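# Inside the fold
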2 protein chains.
Amino acid sequence: MSKIIDFYFDFSSPYGYLASKRIQAIADAHEHEVNWRPILLGAIFKVTGQAPLTEAPLKGDYAVMDFARSAREHKLVYNHPTVFPIGAVAACRAALWIRDGAQASNERTSNFIHAIFDAYYAHGKDITNPEVIAELSTPLGIDSAELLTALQQQSVKDALRLEVENALAAGVFGSPVMIVNKEVFWGNDRLEQLDRWLASGGW
Amino acid sequence: MSKIIDFYFDFSSPYGYLASKRIQAIADAHEHEVNWRPILLGAIFKVTGQAPLTEAPLKGDYAVMDFARSAREHKLVYNHPTVFPIGAVAACRAALWIRDGAQASNERTSNFIHAIFDAYYAHGKDITNPEVIAELSTPLGIDSAELLTALQQQSVKDALRLEVENALAAGVFGSPVMIVNKEVFWGNDRLEQLDRWLASGGW
């Protein structure tokens, strides 16, 4: 039995943001580790033929209301971004570079991911801008010049492409998706079910 | 404050079926009544441009797995129908005729809805067949000859069309959707949140 929760998310996904705030506590409660897996829903939707949630008639209006209502329930800050959705390619590459790089640490990865999410959903910053990403990474002990260089490297670009391919192969079609021992859970509103699953050993 | 939970569902919706088994207990716990509102997702999807869940790549496979997993968690019988999805027009009209007819009773309506759902998801019956619907209604004290006649009446057809129009106007885009005092909750996996909402008075 692996003790890992693969946590797939897109930085442009409000439910990914909300779940990112809650997944660590669930992992801790069951002595699991969170494996942070940033992906690009845009690339995944090209394969599955889906469209961004907020673009669907009626469902989109519900979603925008529900992002805020779900945030309020869990006392999380949520300001719906004026530019939404976005293609978070640079932030995604940066997160993978930090996660898998020479100075990889799960804590630093997690801190970086939270910083990017907060910048977008709490502070309205443009997280598609590499300079903004670099600025956010400095207080976390990440060399911003190195980071900006990494974003241009083919190996880093390839790493993201591979991560998305692997996600699709694992059955990931949305954000957030949590996978534990091949069991797939989709959605911020499934964290309670994941919690019960881990507590009970499944059913 | 109204003490009513409007419960919108499609007989062809597995999550509608699962939620139909659990909504009454939540309503009872908070001294609310369930207003059963059968609708046709097919008609709603024409307006919103959505497609049946199980037809989406990856997401569809997840859904079929999750119908059964969600049923198991709540100890509910679920046998994925061999013919799926279906257009449950006749069952929908019958439910409305029973709900709004001369001998209307919320208990009889609820019993009928459970009988149709069980026939489809537990016993693999063809609930698109009016004869099957009539047969299921007899033990509930419903005159099956009257019911079969009603299914042909323009007033009953109009009642369903109106119910779908009203659902769209209220923001219903899926199944199940629960509405309490204009607050909309979508999905079987939001019943817990609805429960907390009713317990706390909202947030």
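Each remark here, short or long, concerns the structure printed above.
So, how was this worked out
- Residues numbered from 1 in each chain as written.
- Chains lettered and ligands numbered in written order.
- Predicted model: local features only at pLDDT ≥ 70, side-chain atom pairs only at ≥ 80, totals over all residues.
- Heavy atoms only, no water.
- Helix = DSSP H or I, 4+ residues; strand = E, 2+ residues; numbered from the N terminus.
- Rg over C-alpha atoms; globule rule 2.2 N^0.38 Å.
- Buried < 20%, exposed > 50% of the residue type's maximum accessible area, 1.4 Å probe, protein only.
- Contact = heavy atoms within 4.5 Å.
- Areas by Shrake-Rupley, 256 points an atom, 1.4 Å probe, with all protein chains shown as cover.
- Lys, Arg positive; Asp, Glu negative; His and termini not counted.
- Charge placed at Lys NZ, Arg CZ, Asp CG, Glu CD.
- Buried area = accessible area lost by both parts, 1.4 Å probe.
- Salt bridge = Lys/Arg side-chain N within 4 Å of Asp/Glu carboxyl O.
- Polar contact = N/O pair within 3.5 Å; in protein donor to acceptor, adjacent residues only side chain to side chain.
- Nonpolar A, V, L, I, M, F, W, Y, C, P; charged D, E, K, R; others polar.
- Least-squares fit on C-alpha atoms with pLDDT ≥ 70 in both.
- Core = buried A, V, L, I, M, F, W, Y, C linked by side-chain atoms within 4.5 Å.
- Pairing = 2+ DSSP bridges.
- Axes fitted to C-alpha atoms, helices over the stretch in contact; angles between N-to-C directions.
- Parallel < 35°, antiparallel > 145°, perpendicular 65-115°, else oblique.
- Left-handed = near helix turned anticlockwise from the far one by under 90°.

What follows concerns the overall build of chain A. When its secondary structure is counted, chain A shows ten helices and four strands. The C-alpha atoms of chain A give 16 Å as radius of gyration, which agrees with the globular expectation for 203 residues (17 Å, within 12%). Across its three principal axes, chain A shows a C-alpha extent of roughly 45 × 40 × 35 Å. Per-residue burial over chain A gives 51% buried out of 203 residues. Nonlocal contacts in chain A, meaning residues at least 24 apart in sequence, comprise 71% of its contacts between residues at least 6 apart. Carbon and sulfur atoms make up 53% of the accessible area of chain A, which totals about 8900 Å². Across chain A, the 18 positively charged side chains and the 24 negatively charged ones have centroids separated by 4 Å.

This brings us to the interface of chain A and chain B. On the chain B side, the residues contacting the 29 residues of chain A number 29 residues. Approximately 2800 Å² of surface area, both sides summed, lies buried where chain A meets chain B, with 49% of it carried by carbon and sulfur atoms. There are ten salt bridges connecting chain A and chain B. Between B:Asp66 and A:Arg190 there is a salt bridge; the shortest N-O distance is 2.7 Å. There are 18 residue pairs in polar contact (both at pLDDT 80 or more) connecting chain A and chain B. For the side of chain A that touches chain B, the elements supplying multiple residues, two or more each, are helix 3 (41-48), helix 4 (59-73), strand 4 (183-186) and helix 10 (191-200) of chain A. Sorting elements by how many residues they give to the side of chain A that touches chain B places helix 4 of chain A first, with eight residues. In terms of residue class, the side of chain A that touches chain B is built from 14 nonpolar, five polar and ten charged.

This brings us to the relation of the copies chain A and chain B. Superposing chain A onto chain B requires a rotation of 180° together with a translation of 0.0 Å along the rotation axis, leaving an RMSD of 0.0 Å. The transformation just described matches what one would write down for a two-fold rotation axis. Nearest to the rotation axis, the C-alpha of A:Asp189 is located 3.4 Å from it, this being the minimum over chain A. Of all interface residues in chain A, 100% are interface residues in chain B too; the two copies therefore contact each other through one and the same surface.

Residue and element names in this part refer to chain A. Pro176 follows Ser175 through a cis peptide bond whose omega is 0°. Tracing the backbone through its elements, the reader meets Pro176 in the loop between helix 9 (154-169) and strand 3 (177-180). With phi around 55°, Glu31 is a residue other than glycine that occupies positive phi space. Mapped onto the elements of the fold, Glu31 is located in the loop between helix 2 (23-29) and strand 2 (33-38).

The subject of this paragraph is the nonpolar core. Counting 46 residues, the largest nonpolar core has B:Phe11, B:Ile23, B:Phe112 and B:Leu194 as its most contacted members. Among the elements that line this core, the one with the most residues is helix 6 (residues 106-121) of chain B, at seven residues. Setting aside its immediate chain neighbours within four residues, B:Leu194 contacts B:Ile5, B:Ile23, B:Met178, B:Val180 and B:Phe185. Formed by 45 residues, the second largest nonpolar core is a distinct cluster that contains A:Ile5, A:Ala95, A:Tyr120 and A:Leu151.

Turning our attention to the sheet that holds strand 4 of chain A. All names here are of chain A. Spatially, the four strands line up as an open sheet ordered 2-1-3-4, and their pairing is mixed. A single partner strand is all that each edge strand has here, and the edge strands are strand 2 and strand 4. The mean angle between the axes of side-by-side strands here comes to 20°, regardless of whether they run parallel or antiparallel.

In this section: the pattern of salt bridges. All chains considered together, the criterion is met by 26 salt bridges over all chains. Of the charged contacts, one joins A:Glu73 and B:Arg196 as a salt bridge, the two residues approaching to 2.4 Å between their closest N and O atoms. Residue A:Glu73 is located in helix 4, and its partner B:Arg196 is located in helix 10 (residues 191-200); the two belong to separate chains. By relative accessible area, which is 31% here, B:Arg196 ends up partly exposed. For the salt bridge of B:Arg190 with A:Asp189, the shortest nitrogen-to-oxygen distance reads 2.8 Å. Note that B:Arg190 is positioned in the loop between strand 4 (183-186) and helix 10 and A:Asp189 in the loop between strand 4 and helix 10, a pairing that runs across two chains. Under the relative-accessibility criterion, B:Arg190 is labelled buried at 5%.

Residues and elements named next belong to chain B. Within the secondary structure layout, Asn188 lies in the loop between strand 4 and helix 10. What makes Asn188 buried here is its relative accessible area of 4%. Not counting residues within four places of it along the chain, the set of residues in contact with Asn188 comprises Tyr15, Leu18, Ala19, Arg22, Ser70 and Pro176.

Residues and elements named next belong to chain B. Contact geometry for helix 3 (residues 41-48) and helix 9 (residues 154-169): axes closest at 10 Å, N-to-C directions at 45°. The angle between helix 3 and helix 9 places the two elements in the oblique class. Helix 3 and helix 9 meet at a crossing whose hand is right-handed. Touching Ala43, Ile44 and Val47 of helix 3 are Val164, Ala167 and Leu168, all from helix 9. In terms of residue class, the contact of helix 3 with helix 9 is built from six nonpolar, no polar and no charged.

Honestly, it's all geometry; don't read function into it.
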